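A closer look at the structure
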Amino acid sequence: MKQLNIQFDIDTLTCIEEGVSRLLLWARREQLKLSFFVNMGRSIDLKLSLKKALFNRLKADHISPVASEKTAKMPIKEKLGLRNVFRTLLLNPKIGANNLRILDTIIEEGHELGLHGGNNHALWQHGLHLMSSNEVLEGIQSNLDLLECRYGKKIIGFCAPGFVYEDRVLNILKELGFMYFVEPYYGRYRSDVGDASIAVCHGLFRVPINIIAERTVPFIENACARDITTKELVAPLGADNAADRLHIYGHPCFEGINGLDMLTEFVQQLGAEYKTETITTSVGHHCLDRRECE
Ligand SMILES: [Zn+2]
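The structure presented is a predicted model; accordingly, all values stated were derived computationally and were not measured.

This paragraph deals with the overall build of the protein. What the protein contains, in helices and strands, is 12 helices and 9 strands. Whereas a compact globule of 294 residues would reach a radius of gyration of roughly 19 Å, the protein reaches 18 Å, a difference of no more than 12%. Buried residues in the protein amount to 39% of all 294 residues. For the protein, the proportion of contacts with a sequence separation of at least 24, taken over those separated by at least 6, is 82%.

With 5 of 6 residues buried, strand β7 (residues 204-209) lies mostly within the body of the structure. Bridge analysis of strand β6 (residues 199-201) against β7 gives 3 bridges, and the strand direction is antiparallel. Considered in β7, the bridge of Ala 199 is made with Arg 206. Hairpin connection, β6 to β7: the antiparallel pair is bridged by 2 residues, and His 202 has positive phi, about 55 degrees.

It is worth spelling out the pairing of strand β1 (residues 2-10) at this point. The buried fraction of β1 is high, at 8 of 9 residues. Pairing analysis gives 3 bridges linking β1 to strand β9 (residues 274-276), with the strands arranged parallel. Bridged to Lys 2 within β9 is Tyr 274. When β1 meets strand β2 (residues 35-38), the two strands line up parallel, connected through 4 bridges. Across the sheet, the residue bridging to Ile 10 is Val 38, located in β2. A crossover links β1 with its parallel partner β2, the connecting element being helix α1 (residues 13-30), and its sense is right-handed.

One way to put it is that helix α7 (residues 133-151) packs onto helix α8 (residues 167-175) with a least axis distance of 10 Å and a crossing angle of 40 degrees. Relative to α8, the element α7 lies oblique. Crossing angle aside, the handedness with which α7 passes α8 is right-handed. Of the residues in α8, those touching α7 at Ser 133, Val 136, Leu 137 and Ile 140 are Arg 168, Val 169 and Ile 172. Classifying every residue of the contact of α7 with α8 by side-chain character gives 5 nonpolar, 1 polar and 1 charged.

This next bit is on α1. For α1, with 18 residues, the first-to-last C-alpha span of 25 Å sits near the 26 Å given by 1.5 Å per residue. Bending of α1 peaks at approximately 45 degrees at the position of Gly 19. Restricting attention to buried positions, one finds in α1 the residues Leu 13, Thr 14, Cys 15, Ile 16, Gly 19, Val 20, Leu 23 and Leu 24. Downstream of α1 by a residue or two, Gln 31 has a phi angle that is positive, lying close to 55 degrees.

Calculation rules
- Residues numbered from 1 in each chain as written.
- Predicted model: local features only at pLDDT ≥ 70, side-chain atom pairs only at ≥ 80, totals over all residues.
- Helix = DSSP H or I, 4+ residues; strand = E, 2+ residues; numbered from the N terminus.
- Rg over C-alpha atoms; globule rule 2.2 N^0.38 Å.
- Buried ≥ 20, exposed ≤ 12 C-beta atoms within 10 Å, placed from the backbone.
- Contact = placed C-beta atoms within 7 Å.
- Pairing = 2+ DSSP bridges.
- Right-handed = clockwise from strand over helix to strand, strands pointing away.
- Axes fitted to C-alpha atoms, helices over the stretch in contact; angles between N-to-C directions.
- Parallel < 35°, antiparallel > 145°, perpendicular 65-115°, else oblique.
- Left-handed = near helix turned anticlockwise from the far one by under 90°.
- Nonpolar A, V, L, I, M, F, W, Y, C, P; charged D, E, K, R; others polar.
- Expected span 1.5 Å × (residues − 1).
- Bend = angle between axes of the 7 residues up to and from the residue.

Below, the structure is given as structure tokens:
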């Protein structure tokens, strides 16, 4: 049977406080097993946000932006809600570390929980190259220890904020006992063995997301922003040569709330041929097929 991996990156207050519980209800109803990657730390870095805003302002004054359908996104205000935009700007609380009870329910219901970076999502996404290796290591390790101690089992999956990776990050992940990392099929470590294939890379399994819009924009969010139907979206995926493993990603703040109907339609239209399972289960199938897991 073909496999479908549905991944959610828990980035923000709206993700963890509203989106996750809705997704858990949905998964129970539809009998799906999901993969969540949690940002344990803060969502933004104020200094960095101000710098970025200023830079974008200057850029906008000089270059007229060319809107691309393929990178269209929903407005942040719509995804997070105004109240949570202000709470984030004013308080910038830790996302996973302050909401452990919600993470407990993910584990209790048999879904997968992996890590989404270290102590600050924005700093990683926009400033990883400025962080020392020690900082990166400590950011991941402290959160890993917390989760592994709480759940009494290994956390083996990692997805970097903004899918920003460097070789030294992969070495650190390996050292800490992770088994796989996720990035878009067109990411830095893209493989030449096909868009859907799980392959070994720097001693870890590289798991490619193969249903994703350009510049890492989630597929469903992009479709909603472009106002197109899931039928149009799924048609090319249903072709005879469709991959044996499809992998889609999104955020609980959108695909768990306003985008959930479209995600449901998407899963239904793929049909019974695809079984929704965790990424770890798919990596396991891959190992069994190829005996690479030793
Ligand atoms: Zn993220």
